[in-house]
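Next come the chains, spelled out residue by residue.
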Amino acid sequence: MYTMQSWTCIFLIICSMQSVCHCCDWIRHHYGHLSAEYLSLLDQMGGDITKQDAPVFFPTSLYRHIDDAEFEDQVRFLKETIYQITKLFDGNMKSVTWDKKNLDDFLNILERQLENLNSCVSPSMKPERRLKRYFKKLNRKVLRKMNYSAQAWELIRKETKRHLQRLDILAAQMY
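Below or above, wherever it landed, is the structure these notes cover. (Residues numbered from 1 in each chain as written. Predicted model: local features only at pLDDT ≥ 70, side-chain atom pairs only at ≥ 80, totals over all residues. Heavy atoms only, no water.)

What the largest pocket holds in volume is close to 220 Å³. As for the largest pocket, its lining consists of 14 residues, of which V56, F57, R130, Y134 and K137 are closest to the centre. Secondary-structure elements contributing two or more residues to the lining of the largest pocket are helix 2 (60-67) and helix 5 (129-144). Examining the composition of the lining of the largest pocket, we find that seven residues originate from one element, helix 5, more than from any other. (1 Å grid on protein atoms, 1.4 Å probe; cavity = no way out; pocket = protein on both sides within 12 Å on 5 of 7 lines; lining within 4 Å. Points joined across faces, edges and corners; volume = space filled by probe spheres on them. Helix = DSSP H or I, 4+ residues; strand = E, 2+ residues; numbered from the N terminus.)

A separate point is the side chain of T160. As for its position among the elements, T160 is in helix 6 (residues 150-173). Accessibility expressed as a relative area gives 1% for T160, which makes it buried. (Buried < 20%, exposed > 50% of the residue type's maximum accessible area, 1.4 Å probe, protein only.)

The next subject is the pattern of salt bridges. All told, the structure shown has ten salt bridges when counted by the stated rule. Of the charged contacts in the structure, one is a salt bridge between D53 and K158, with a shortest N-O distance of 3.4 Å. Separated by 105 residues along the polypeptide, D53 in the loop between helix 1 (4-44) and helix 2 and K158 in helix 6 bring together distant segments of the chain. K158 gets classed as buried once you look at its relative accessible area, which sits at 13%. The residue R76 makes a salt bridge to D73 at a minimum N-O spacing of 3.6 Å. (Salt bridge = Lys/Arg side-chain N within 4 Å of Asp/Glu carboxyl O.)

This is a description of form; function is not addressed.
Structure representation (structure tokens):
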């Protein structure tokens, strides 16, 4: 005979499994579509992507590490990276010369992606500290140091594209 506490545990396990399954289905069937949309908008909102390198090294080792991680950690990483990108684009954008509609559409689709990923990640899961530090450094050494100039935003657009493309690879490997 099951006690009330046992039934509660069973219910929570089933809900957790359904949430992971829903998340798997969503990533498999929708992540790539939204990703293709915002990558296209990122290209369309400005001119050619700058050839200049950012003064902050791309965190290749973080991506290599997360490639071998558990599914839940990978989802958390997807969510946290997109969250950090949205925070970058929440800065002073007065000098930006990008197409306003494409920029707005890009940010709206990115937010939609983030909302869906948020529903897949337990709030108790802590973000990756190294990833958070990387984005803080990117903000400090590019946007703030370059006084939120058009050139600074072009570097951010380039780095954003690199991250979103790398996240596409990660999501494709998850299923």
